[in-house]
Amino acid sequence: MKKLLDPVIDMRKISYFLIFVIVQAFCGCNDKLITEKLTHEIMGLIIDKNAKAIPPPPKFGTIEEVDEKLLDSIVNLPLKVAIYPIMSDIDLRTINMTIPYEYREIVQINSKISSFELSNISSKKGHYLFLADSSAVKRDKEYKDFDLLFNFSSICFNKERTRAIVEIGVSRSALAGYSVIYCLVFDNEKWRVAFSKINSEW
């Protein structure tokens, strides 16, 4: 009798194992999709925070101030924003004691995403987003085809995906730009900046 039951028991074990594998695969795919969605939301938020037109300088020989309404309309103009297509790791040398501990910990322990889908990133301020031609960017120090170039590091999340950290670079030309570290928190169904620090300027 025992010998007759063994194949049934084995089949049950195999069935349980297959169900476990399918559930894990489904959870893994779902997990990746959620992380990608949050990544795109953060990229859109950060682009809107940093993509601003430069107001014109005062006329030569004068110190007159630009009218505030004119200044607001210029600063909020939609821009052509190029995004460098390759995400890199956060430079651990920049994660120092001035950044909240819980964000330094995220970089050390948890998941990050190293790619993105441009069509899923949107600007609430109406900026035109497209992928930069990386070879053209390296050749030309003056950016003629766009107003700003954004570089993003991989975005690191905590396990609950309620905190994230990212390092960005924003350039108007190869010789004019800055980098910032952003620590973000998911609050009231949206991301907001909890801490930011300019890392370098050029």
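Residues numbered from 1 in each chain as written. Predicted model: local features only at pLDDT ≥ 70, side-chain atom pairs only at ≥ 80, totals over all residues. Heavy atoms only, no water.

1. Side note on the overall build of the protein
So the rule is basically this: Numbering goes from the N terminus for both helices and strands, where a helix is a DSSP run of H or I of at least four residues and a strand is a run of E of at least two. Burial classes: relative accessible area under 20% of the type maximum marks a residue as buried, over 50% as exposed, and values in between as partly exposed (1.4 Å probe, protein chains only). The method behind every accessible area is Shrake-Rupley, applied with a 1.4 Å probe, and residues are considered shielded solely by the protein chains displayed.
Counting secondary structure elements, the protein contains four helices and eight strands. Counting across all 202 residues of the protein, residues that qualify as buried make up 34%. By element, 58% of the accessible surface of the protein is carried by carbon and sulfur atoms, the whole surface being about 13300 Å².

2. Remarks on the nonpolar core
As a rule of thumb, nonpolar side chains are buried together in soluble globular proteins. Operational definition: Here the nonpolar core consists of buried residues drawn from Ala, Val, Leu, Ile, Met, Phe, Trp, Tyr and Cys, with membership extended through side-chain atoms lying within 4.5 Å. Residues count as neighbours in contact if any of their non-hydrogen atoms are within 4.5 Å of one another.
Ile42, Ile47, Phe150, Phe152, Val166 and Ile168 are the most contacted members of the largest nonpolar core, which totals 28 residues. Where this core is concerned, the elements lending two or more residues are α1 (2-50), β1 (80-83), β4 (148-152), β5 (155-157), β6 (163-173) and β7 (176-187). The element best represented in this core is α1, accounting for five residues. Beyond its immediate stretch of four places on either side in the chain, Phe152 contacts Met43, Ile46, Ile47, Ile83, Ile86, Met87, Ser88, Val166, Glu167 and Ile168. Of all hydrophobic cores here, the second largest spans 11 residues; its members include Val107, Ile165, Ile181 and Cys183.

3. Structural notes on the side chain of Ser179
Counted only if it meets this: Counted as a polar contact is a pair of N or O atoms within 3.5 Å, where, for protein atoms, one must be capable of donating a hydrogen and the other of accepting one, and residues adjacent in sequence contribute only when both atoms are in side chains.
Turning to its location among the elements, Ser179 is positioned in strand β7. A distance of 2.8 Å separates polar atoms of two side chains, one belonging to Ser179 and the other to Ser200. If sequence neighbours within four positions are ignored, Ser179 has contacts with Glu167, Ile168, Gly169, Lys197, Ile198, Asn199, Ser200 and Trp202.

4. Regarding the packing of aromatic side chains
Each aromatic ring pair is described using two quantities: the centre-to-centre distance and the angle formed by the ring planes. Let me state the cut-off plainly: In summary, the pairing rule links any two rings of Phe, Tyr or Trp, Trp by its six-membered ring, whose centres are within 6.5 Å, and it sorts them by plane angle into stacked for under 30 degrees, edge-to-face for over 60 and tilted for everything else.
Summed over all chains, the structure comprises six aromatic pairs. A ring pair is formed by Phe150 and Phe152, whose centres lie 6.1 Å apart and whose planes are at 20°; its orientation type is stacked. Residues Phe150 and Phe152 agree in their burial class; the two are buried. Here the aromatic residues Tyr128, Phe130, Tyr143 and Phe146 are joined through ring pairs into a cluster of three or more.

5. Let's talk about the pattern of salt bridges
Our working rule: Any Lys or Arg side-chain nitrogen found within 4 Å of a carboxyl oxygen on Asp or Glu counts as a salt bridge.
What the rule picks out here adds up to five salt bridges. With a closest N to O distance of 1.9 Å, Arg161 and Asp31 form a salt bridge. Of this pair, Arg161 sits in the loop between β5 and β6 while Asp31 sits in helix α1, and the two are 130 residues apart along the sequence. On the basis of relative accessible area, Asp31 is assigned to the partly exposed category, the value being 39%. For the salt bridge of Glu41 with Lys37, the shortest nitrogen-to-oxygen distance reads 2.6 Å. With Glu41 and Lys37 both in helix α1 and four residues apart, the pair spans about one turn of that helix.

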